[in-house]
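Commentary on secondary and tertiary structure
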Amino acid sequence: MRERRHAGGVVAGTSGAEGHLPYFFLSYARTPRTHPDDENPNLLVEKLYKELCREILQHTSLPAGVPPGFMDMDILPGVEWDKRLARELATCRVFVPLYSRRYFRSEQCGKEWAAFDLRRRLHLDGRRDIPEVIVPAFWVPVPDFELPDMVKSIQFTHPDLGAHYLERGLYGLMKIRRHRDHYKSAVDALAQRIIEVAEGVRLPPITPPDYGSIKSAFNRDEERRFLIAVLAHTTATRTAPRDARFYGSSPCDWNPYHPEDLRPVAEVAAGIVRRLGFEPDVGTFLHHHDELLGAGAPTCPGIVLLDVWTALDPQFRPLLEAFDQAGKPWVGVVVPWSGTDSQTSQNAAELRAALRALLPAKLAQGRPAARRAVSDTSTVAGFETALRPAVEAAGNSYLRHGRAFPPQVPGSGRPRLWPLTPDDPAPEAPAPDGPAGRKGRQ
């Protein structure tokens, strides 16, 4: 086997010929088959990889027989998988992660990222800035609040990618024939960026690491996990009279404060939860279905961000009733609404009554401060203020029912998400023994 010597040690034969390192390593999350007889659901990723390779060959002087990149489909049967991956990650010039929601939950993708990130950090050579040799691409769009903090600063934007790419991702462009030209432009822009970074930075190879000992870069600290579940309409499920501007293709796109604030409310909540020392785990109510409705011990504290208009929709009522009966006091409810939303204001009495009919136990759980987590968020600032006590209440309940202590969070004012009614109890003074007064396991 041919060997190549360099400053970092000896690298056994790689996928490239002598003097020619692979331009890129394509890192992606495999989509599983729903049935053994189904077509391979990753064929479109393989198609993208081959088209990137063709583009790079057209714009470089790589000799015949030298593969421009690497994708794990190139690993032949009988080859030691971990050693081959370690070798490719130690020699490729650019790391290309295909972002998707599945990607950041993949142990394998997290290990690939960690191995390459270690290599680029070893290349600092006394400089402050880590070389930018990670060129991400959206396979399917991922909301910003679902991206791990470590990847948010790593972006690739180019005019040739276009608005359709940002809206649908490469997968969406490939699936729709009329977007074929947009797809070709996006692939060309991505290939050009890979070449630019590879030839500009010239990241040297290193000795392949012990791949088996590498931990995923995306592993969560489970003791600081905080669940944020969104139960809301989408543009497809909303009832006809309801204004579509508040919704998107996913419940996580719901933004009750449009147009005053353009962020989905889940993104606002994730930012607050993160600042309070937790790691937000954002998803739809159905995504977190087992933790919200299933039996078993609590895994973390959490809140449900509830679109009050779901209380009037028959398809959501069974979910709300089941959630109310599940008996999980470590999961709170917050109902964001906007004072400028005339539809909600005009129907407030009916919406409030429906909510109380469907969630009597949930709205009555805990202290009065927690029970008022269905009022007083008519602005984004009000929502942010109200969220802190809701998180505190969920954390305190988890402290009593769970196996681990949540992070300490400061106290704050009491939340109100709907105007108080005469039957509401009077506000109580803050409890002296809240999270700020307890010592938890760090």
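Residues numbered from 1 in each chain as written. Predicted model: local features only at pLDDT ≥ 70, side-chain atom pairs only at ≥ 80, totals over all residues. Heavy atoms only, no water.

**Let's talk about the environment of Pro159**
Mapped onto the secondary structure, Pro159 falls in the loop between helix H4 (149-152) and helix H5 (162-175). Placed 30 residues apart in sequence, Pro159 and Ala189 show a C-alpha to C-alpha distance of 8.6 Å. (Helix = DSSP H or I, 4+ residues; strand = E, 2+ residues; numbered from the N terminus.)

**Details of the packing of aromatic side chains**
Centre distance and the angle of the planes are the two values used to describe a pair of aromatic rings. Under the criterion given, the structure shown has 17 aromatic pairs. With 5.3 Å between their ring centres and 20 degrees between their planes, Phe95 and Phe116 make a pair best called stacked. Of this pair, Phe95 sits in strand E5 (residues 94-99) while Phe116 sits in helix H3 (residues 107-122), and the two are 21 residues apart along the sequence. Exposure remark for Phe116: the relative accessible area of 0% places this residue in the buried category. The interplanar angle of 55 degrees and the centroid separation of 5.8 Å between the aromatic rings of Tyr103 and Phe218 together place this pair among those described as tilted. Remark: Phe218 occurs in the loop between helix H6 (180-201) and strand E7 (225-231) and Tyr103 occurs in the loop between E5 and H3; sequence separation between them is 115 residues. Residue Phe218 is classed as buried on the basis of its relative accessible area, which comes to 10%. Linked through ring pairs, Phe25, Phe70, Phe95, Tyr99, Tyr103, Phe104, Trp113, Phe116, Phe138, Tyr165 and Phe218 together constitute an aromatic cluster. Note that Arg93 overlies the ring of Tyr23, its terminal NZ or CZ placed 4.1 Å from the centroid. Over the ring of Tyr211 we find Lys111, and its NZ or CZ is 4.8 Å from the ring centre. (Phe/Tyr/Trp six-rings, centres within 6.5 Å; stacked < 30°, edge-to-face > 60°. Buried < 20%, exposed > 50% of the residue type's maximum accessible area, 1.4 Å probe, protein only. Lys NZ or Arg CZ within 6 Å of the ring centre and 35° of its normal.)

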